[in-house]
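Structural overview for review
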Amino acid sequence: MPQVKHATTCKLLAYKGQYKTCHIGIPQAEGKRIAVAVDGNYFRFFRRFDTAQQVMAVAKRLAQRGSDFALTESFKDNKKGYRVWLHTPNVENVTTEALDGPLRLPVYGPSPCFMIFDQAHYRPCYIKVPDLPQPRVAIYYDKRFYSVCGKDLSAVSALKLGQKLVGRGDEVAIASTDKTYVVCLWEPEAIPYQPPKT
């Protein structure tokens, strides 16, 4: 029986400079699929969603399947939505868009965003970080500490904050709670902290 996963990695793409549009062939599939190329990986178009809550619901299903994905914003009839792109490791016959001039800048995607959907698989805690004087509220997952920088967030607010943080180079985790989300930053130098009992 396959093991159920509880997290997935997402590329939260904020603007066109973070990815390249292309068409890819997939083995044993006819025709080419529209895709985006990010950091040497390809993500084929899956579906467009109108709301961030729908994106989180499909992200949870993708996590259970062990599938990573990329996310771009989409506008249709002046309404904002989202496009989900599935990571596709085996591709062939890649066709990229035409070069925009004699020199094309390299494309670098944002830092990864780790999405955790099962509360039983992460643990709230406190940590100390060398460059901060006060202890921080954090979560512990997969032998890593993530300091909480936004809590009780809606799906749209969590995606927006996550997009901003990964764009500046931070590795981020978005964890689901009962009805909301927390956005956290990976703290590679963190150590656990036990608050004194009062």
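Residues numbered from 1 in each chain as written. Predicted model: local features only at pLDDT ≥ 70, side-chain atom pairs only at ≥ 80, totals over all residues. Heavy atoms only, no water.

**Re the pattern of salt bridges**
Summed over the entire model, instances satisfying the criterion amount to five salt bridges. Between E171 and R144 there is a salt bridge, with the nearest N and O atoms lying 2.5 Å from each other. Here R144 lies in strand β11 (residues 144–153) and E171 lies in the loop between α2 (155–167) and β12 (172–176), a separation of 27 residues in the sequence. A relative accessible area of 21% means that E171 is categorised as partly exposed. (Salt bridge = Lys/Arg side-chain N within 4 Å of Asp/Glu carboxyl O. Helix = DSSP H or I, 4+ residues; strand = E, 2+ residues; numbered from the N terminus. Buried < 20%, exposed > 50% of the residue type's maximum accessible area, 1.4 Å probe, protein only.)

**Quick word on the environment of R48**
Examined against the element boundaries, R48 turns out to sit in strand β4 (residues 41–49). Distance in space between the C-alpha atoms of R48 and T72 is 9.5 Å, their sequence separation being 24 residues. Residues in contact with R48, not counting those within four places in the same chain, are S74, F75, K76, K79, K80, G81, Y82 and R83. Within polar-contact distance, the side chain of R48 engages the side chain of D50 at 2.6 Å. Separated by 3.4 Å, the side chain of R48 and the backbone oxygen of K79 make a polar contact. (Contact = heavy atoms within 4.5 Å. Polar contact = N/O pair within 3.5 Å; in protein donor to acceptor, adjacent residues only side chain to side chain.)

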